[in-house]
Each structure stands twice: as C-alpha cells, then as structure tokens.
Amino acid sequence: MNTYVCKYCRQPSDPSQPTCPLCGAPVDIRESVSDSGWIKQPPIKDMAKLQFGQSHCQIAGTTVPAAEFNLAHGEMVYFSHHVLLWADPATRLQNMSLRGGWKRMMAGLPMIMLEAHGPGHIALSDNHAGEVIALPLQHGQSIWVKEHRFLTATGNVRYDWNSNDVWYVTGTGDDRETHYPMGQFGDTFTAADRPGLLLLHAPGDAFVRDLRQGESLLVQPASLIYRDVSVRVHLHLEYPRNMGFSFWRSNWDYRNILIRLVGPGRVAVNSIFERPEGMESISNHSYATRRRW
Amino acid sequence: MTCGAPLDVRDKVSDSGWREAPRLRDMTEFRFSASTCQVEGELVPVAEIALDPRDGVYFEHHILLWKDESVPLTSMQTNGPRRTVMGGMPHIVTVASGPGRIAFSRDAPGELVVLPLHPGMELDVREHAFLLASHSINYSFVRIKGLVNLLHGGSGMFMDRFVTQQYPGLLMLHGNGNVLERTLRPGEKILVEPGGFLYKDSTVTMQAVQMPLKTGLFSRGLYLAEMTGPGRVGIQSMYHHHGSGE
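Please read all numbers here as calculations on a predicted model, not as lab measurements.

What counts, and at which threshold
Residues numbered from 1 in each chain as written. Chains lettered and ligands numbered in written order. Predicted model: local features only at pLDDT ≥ 70, side-chain atom pairs only at ≥ 80, totals over all residues. Heavy atoms only, no water. Phe/Tyr/Trp six-rings, centres within 6.5 Å; stacked < 30°, edge-to-face > 60°. Helix = DSSP H or I, 4+ residues; strand = E, 2+ residues; numbered from the N terminus. Buried < 20%, exposed > 50% of the residue type's maximum accessible area, 1.4 Å probe, protein only. Lys NZ or Arg CZ within 6 Å of the ring centre and 35° of its normal. Contact = heavy atoms within 4.5 Å. Buried area = accessible area lost by both parts, 1.4 Å probe. Salt bridge = Lys/Arg side-chain N within 4 Å of Asp/Glu carboxyl O. Polar contact = N/O pair within 3.5 Å; in protein donor to acceptor, adjacent residues only side chain to side chain. Nonpolar A, V, L, I, M, F, W, Y, C, P; charged D, E, K, R; others polar. Core = buried A, V, L, I, M, F, W, Y, C linked by side-chain atoms within 4.5 Å. Pairing = 2+ DSSP bridges.

K.L.:
Can you help me understand the packing of aromatic side chains in this one?
P.N.:
We describe a pair of aromatic rings using the distance from one ring centre to the other and the angle between the two ring planes. Across all of its chains, the model carries 14 aromatic pairs over all chains by this definition. Ring centres of B:Phe141 and B:Phe158 lie 5.0 Å apart, and the angle between their planes is 85 degrees; this geometry places the pair in the edge-to-face category. Residue B:Phe141 is found in strand S13 (residues 137-143), and its partner B:Phe158 is found in strand S14 (residues 158-164); the two are separated by 17 residues along the sequence. When sorted by exposure, B:Phe141 lands in the same class as B:Phe158, which is buried. Taken together, the ring pairs connect A:Tyr78, A:Phe150, A:Tyr159 and A:Phe189 into an aromatic cluster. Stacked on the ring of A:Trp86, the Lys or Arg B:Arg182 has its end atom at 5.8 Å from the ring centre.

Structure, rendered in structure tokens:
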C-alpha cells in the first residue's frame with residue numbers, strides 16, 4: 001500500500017517518479033523551510049507532466065511557465081480567454097457562462113471564461129515572471145484563491161466567487177473611496193464529484209505555511225495566493241507610534257494595512273504583490289483588529 | 001560554437017512538438033564572424049559584444065546598455081519614415097562598429113534567442129523583439145497585410161524582416177518569459193495568441209482568424225493568429241494580451 005504523501009500537494013503520490021504526478025513538485029529535493037515555518041514551494045520542473053483523468057498537462061519553461069494540455073476525448077479545462085497561448089485547430093473552444101457578469105466587470109474580473117474540450121492540445125500561460133502552482137483537489141475539497149491568480153481548472157472543479165468582505169473607506173463626500181486590499185471578490189474552487197486539478201499562477205516565488213488551530217499571522221493583503229477555506233480572514237490595522245519630523249501629521253493617518261489569517265489550515269503567499277496605496281484617514285472599514293504602538 | 005546553446009543538456013521538447021529555446025548559461029561566450037558575444041545574467045539577460053574592427057552590429061537605440069567610449073555609432077536609415085508616424089517604430093536603427101565592447105538588453109524578464117542565419121535565409125520577427133543583428137544581415141520590414149490582420153492581429157503594423165544574401169550572420173532576439181519553437185509541416189496549422197508570436201520563417205503564413213467566442217459583455221469574437229507551414233514558428237510565454245489589455 002502506498003503511504004507516500006507529497007509534501008506540497010498533500011495527496012497520496014508516487015515516490016518512484018522524479019516529480020509528483022499530481023502537482024509536479026520534485027520528489028528528490030529537500031524541503032526548504034525558513035526558521036519561521038514558511039515552506040518554499042519548489043518550481044515545477046521543466047517538462048514535468050501532471051496526470052488528471054485520461055488527460056495530462058506538461059509544464060514548459062521556468063521564467064513564465066506555460067501549461068500545455070493534452071486533452072482526452074470527453075475531458076475539458078476552463079480558463080479566462082486572456083491566458084490562451086496557442087491551441088490545435090482540433091481543440092473545441094466554447095464559452096462558459098458565469099453568473100453576475102455586470103458585478104464581475106465592475107470588479108475588474110474576467111466576465112467570460114472559455115472551455116477547451118478534448119481531444120486536442122492547448123497551452124495557457126499568464127504574463128508575469130513566476131510559478132505555476134498545481135493544486136490537486138480531492139472529492140469535496142474546496143480552496144479559496146485570490147482573484148487573478150487562477151490559471152485553469154479541470155471540468156469537474158466547480159467555480160464560485162464571493163465577496164471577500166475585507167474593505168476600508170477613505171475620504172468624505174465626493175472624495176469618498178472604498179478600497180479592497182485583497183480584491184473585492186475571491187474565487188472558491190471545489191472538486192465536485194471526483195478529484196480535480198486546479199492550476200494557479202503566482203508572480204515571483206511562492207511560500208506555503210500550515211497554521212495550527214487558533215494560530216494567527218499577519219500578511220500583506222495582495223500577497224495571498226490561496227488558503228484552505230477553514231482559515232479565517234479579516235482586516236488588521238497597525239498604527240506605528242509617530243515620532244520624528246512628521247509630528248504635525250495626525251497620529252492616526254500613518255498606518256499599515258494587513259490581513260489577519262487565523263488557522264487551522266494552509267496558506268500560501270507570493271513574493272511579488274501590490275502594496276495598499278495612499279495614506280488617507282480611514283473613515284469606515286470591515287471587521288478589523290487594531291494595534292496602536 | 002555559434003549560438004551558445006549548452007551541448008550537455010537534452011533537447012526539451014513537449015509532447016506536442018514545441019521545443020524550448022536553449023537557456024543560455026550565465027557568461028556563455030560564442031563567436032560570430034571575427035567577434036565574440038557573451039551573455040550575462042539569466043532573468044533579464046545582457047548581450048555583451050566584443051567587436052572585431054571588421055565587424056558591426058545594428059540595433060534599436062533604446063536597448064543600448066553601455067559601450068566603450070571608442071566604439072563609433074552611426075545611424076542606418078530604413079526605407080520607411082511612414083513607419084515612425086504610422087507604426088510607432090524607429091525608422092533609424094543605430095550601427096556600432098568595431099573595435100570595442102558594447103552591451104544590450106531589453107527591460108523584461110525573458111530569454112535571449114540566438115539565431116545564426118545561413119546564406120539565403122529570411123526570417124520575420126515581431127516588432128520590438130529584435131535585440132541586434134550583425135552587419136551582414138539585410139534589414140527591412142514588411143507591412144502586415146489585410147485590415148483584419150492589422151486591427152486584430154495583435155502584432156502591430158509591421159514585422160521586421162531579416163535576410164541573408166551570400167554571407168551568414170547572427171540575429172539575436174529577446175523573448176518575454178520563455179521561448180518555444182515548433183516546426184510546421186507544409187499545410188500544417190496552429191492557432192497562436194497574436195501577442196505570443198515572436199518569429200517565423202518567411203515561408204510560414206500568418207492570418208488573423210476570428211473564433212466564434214464571446215470575450216466580454218458586449219464584445220464577440222476572439223482573434224487568434226493562424227500560422228500555416230512549412231517552417232519554424234517561435235512564441236513567447238509572456239505577452240501583452242491584445243484583446244483584454246492584460
């Protein structure tokens with residue numbers, strides 16, 4: 001009986017292969033763990049193959065890797081149209097409808113996705129230097145993914161999107177503006193009736209950490225790639241003690257906007273992300289913890 | 001050695017026939033004509049050329065990284081000032097002549113593609129993708145024909161064309177992300193995101209085709225570039241998506 005569990009995708013896997021056939025992580029490398037417990041997600045080896053159903057996916061390249069699919073008859077993947085790199089003319093492409101098109105458009109999310117049906121070949125790539133992360137999902141397993149990190153998923157993975165409920169408001173009157181530091185909406189993927197495969201693209205390097213029950217961690221909102229749905233999230237505001245030459249400014253304007261993640265569960269961050277902008281006073285916000293130094 | 005490709009690594013070819021451009025190792029050195037080129041760095045590689053007095057290279061002026069003071073620069077007029085106005089391309093390319101050292105880089109993570117051209121070859125390159133070419137290669141450009149190709153092809157208005165006559169030459173490109181190449185048989189077709197197109201043999205035809213797919217609330221019709229063989233096609237994995245602006 002096979003008892004080997006891949007350290008990265010957490011699924012029973014095959015140690016006799018050079019890479020995990022489910023997530024592409026190298027089998028023969030030592031885990032790279034920082035003192036604080038972050039595990040470096042190893043890049044998928046060039047030309048590594050991932051198996052799903054009767055189809056497979058091959059990862060080509062290391063700077064901006066492309067995921068090349070050999071789709072079997074009756075199997076399909078879906079994706080946003082802007083990640084399509086090339087396709088065989090034989091691959092059948094069609095639209096996949098999504099609920100709430102107007103809201104998605106207003107939130108800057110792709111409104112329409114494409115489905116590619118086998119048999120045929122198709123390749124997808126994002127346009128940032130970074131890594132492809134493969135997350136095999138067991139039957140019934142769900143995972144939350146930050147917006148714009150999704151590359152593709154197999155047909156049996158259900159896609160939902162919901163409000164993140166992490167926001168704050170700056171300004172008053174006509175200058176009033178609502179900010180969503182980790183995006184207005186988040187994607188949730190669930191393997192519906194059988195195991196499925198989810199591919200994400202993370203700009204820069206990716207790091208994974210397991211939070212124990214009740215353990216909390218503060219991270220930059222835009223750096224989050226994915227988390228188990230058991231991990232809770234809310235806004236956290238930190239106000240450094242005001243010293244030095246800027247004493248004339250309001251003590252409460254200068255702040256750090258972070259999110260607090262509370263375990264149990266797995267979280268992943270990437271090393272390239274946008275910082276929250278502006279230093280205006282916050283007039284309203286979603287549920288948040290605060291720390292004034 | 002004429003292209004700097006490592007000889008001790010296996011060709012990386014995907015199941016569908018795309019071959020990865022060989023990743024040049026840091027400080028790889030190779031010769032062309034009587035000059036040498038050394039590639040430095042791997043994330044945003046730099047090509048450093050030690051020019052022999054008999055040699056020269058030409059390039060778009062904004063990719064020059066540094067040069068010896070003694071290296072003379074001259075300008076080479078291309079045959080199309082309209083290109084500046086209409087196509088947003090420089091109609092003057094700069095020529096550096098030996099002896100001396102000069103270095104070039106583009107400003108995006110990616111790969112240098114070294115293409116030694118034999119006599120009698122013709123290669124079409126996406127605009128703004130060429131890094132440098134040796135002086136023995138003729139440089140021109142071809143206007144992308146057809147209104148559909150122009151509006152929806154995503155490759156701009158022009159393609160650079162590099163032609164060798166009786167002498168070989170060296171052409172270097174910068175591909176964003178990873179670069180993959182595939183050789184198409186006569187009549188074989190492949191659909192490519194237009195922004196991903198990097199280079200092709202002039203024997204390969206390129207035509208924008210509209211797919212019956214919605215891409216937005218009010219927009220319909222995803223355009224892809226249909227490439228038809230025979231010949232080589234090179235693509236890059238990081239690109240500006242022409243349809244969505246992403």
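K.L.:
Quick question: what am I supposed to make of the interface of chain B and chain A here?
P.N.:
Interfaces are often sized by the amount of accessible area the parts lose when they come together. Contacts between chain B and chain A engage 37 residues on the former and 36 residues on the latter. Both faces considered, chain B and chain A share a buried interface measuring about 3000 Å² in area, 61% of it formed by carbon and sulfur atoms. Taken together, the links from chain B to chain A amount to two salt bridges. Between B:Lys12 and A:Asp46 there is a salt bridge, with the nearest N and O atoms lying 3.3 Å from each other. In this assembly, chain B and chain A are joined by 16 residue pairs in polar contact (both at pLDDT 80 or more). Residue classes in the side of chain B that touches chain A are distributed as 16 nonpolar, twelve polar and nine charged.

K.L.:
Where do I start with the environment of A:Glu177 in this structure?
P.N.:
Residue and element names in this part refer to chain A. Looking at the element boundaries, glutamate 177 is found in strand S15 (residues 177-179). Residue classification places glutamate 177 among the partly exposed residues on the basis of a relative accessible area of 40%. Between the C-alpha atoms of glutamate 177 and proline 221, which are 44 residues apart in sequence, the distance is 18 Å. With sequence-adjacent residues up to four places away left out, glutamate 177 is seen in contact with Tyr168, Val169 and Thr170.

K.L.:
Which parts of the structure should I look at to understand the nonpolar core?
P.N.:
One recurring pattern in soluble globular proteins is that nonpolar side chains are buried together. Among the nonpolar cores identified, the biggest contains 37 residues, and A:Phe69, A:Phe79, A:Leu84, A:Ile122 and A:Leu199 are the most heavily contacted of them. Counting 25 residues, the second-largest nonpolar core is a separate cluster that includes A:Met113, A:Val145, A:Trp161 and A:Ile225.

K.L.:
Explain the environment of A:Pro42 to me, please; I cannot follow it from the model alone.
P.N.:
All names here are of chain A. With respect to the helices and strands, proline 42 occurs in the loop between strand S1 (39-40) and strand S2 (49-52). Taking the C-alpha atoms as reference, proline 42 lies 7.2 Å from proline 26; in sequence the two are 16 residues apart. Apart from residues lying up to four places away in sequence, proline 42 is in contact with Tyr8, Ala25, Pro26 and Ile29.

K.L.:
Help me understand the sheet that holds S1(A) in this model?
P.N.:
Each strand in a sheet pairs with another by means of backbone hydrogen bonds, the pair being arranged parallel or else antiparallel. Residues and elements named next belong to chain A. Ordered by their spatial adjacency, seven strands build an open sheet running S1-S18-S23-S20-S11-S16-S13, and the pairing between neighbours is antiparallel. Looking at strand neighbours, the two that pair on one side only are S1 and strand S13 (157-163), the edges of this open sheet. Where S1 meets strand S18 (residues 206-211), two bridges bridge the pair, whose relative direction is antiparallel. The partner of lysine 40 across the bridge, within S18, is phenylalanine 207.

K.L.:
Honestly, unusual backbone geometry in this entry has me stumped. Any pointers?
P.N.:
Peptide bonds are, in most cases, trans, and in most cases residues other than glycine have a negative phi. In this model, A:Gly118 is joined to A:Pro119 through a cis peptide bond whose omega is 5 degrees. Mapping A:Pro119 onto the fold places it in the loop between strand S8 (113-117) and strand S9 (120-124). Looking along the chain, the bond that leaves B:Gly229 and enters B:Pro230 is cis, with omega of 20 degrees. Tracing the chain through its elements places B:Pro230 in the loop between strand S20 (220-228) and strand S21 (231-236). Positive phi outside glycine occurs at A:Met47, with the angle close to 70 degrees. Its place among the elements puts A:Met47 in the loop between S1 and S2. Look at A:Met47 and you get buried, because its relative accessible area is 15%. Residue A:Asp165 is not a glycine yet carries a positive backbone phi of 55 degrees.

K.L.:
Sorry, what's going on with the pattern of salt bridges here?
P.N.:
Close approach of charged atoms lets side chains of opposite charge pair. Inspection of every chain in the model, using the stated rule, returns 21 salt bridges over all chains. Its salt-bridge partner being B:Asp15, residue A:Lys49 comes within 2.8 Å of it at the nearest N-O pair. Within this pair, whereas A:Lys49 is found in strand S2, its partner B:Asp15 is found in the segment before strand S1 (19-20), the two belonging to separate chains. On the accessibility criterion, A:Lys49 (37% relative accessible area) is partly exposed. B:Asp15 gets classed as partly exposed once you look at its relative accessible area, which sits at 41%. For B:Arg19, the salt bridge goes to B:Glu181, with nearest N and O atoms at 3.3 Å. One end of the pair, B:Arg19, is in strand S1; the other, B:Glu181, is in strand S16 (residues 179-184), with 162 residues separating them in the sequence.

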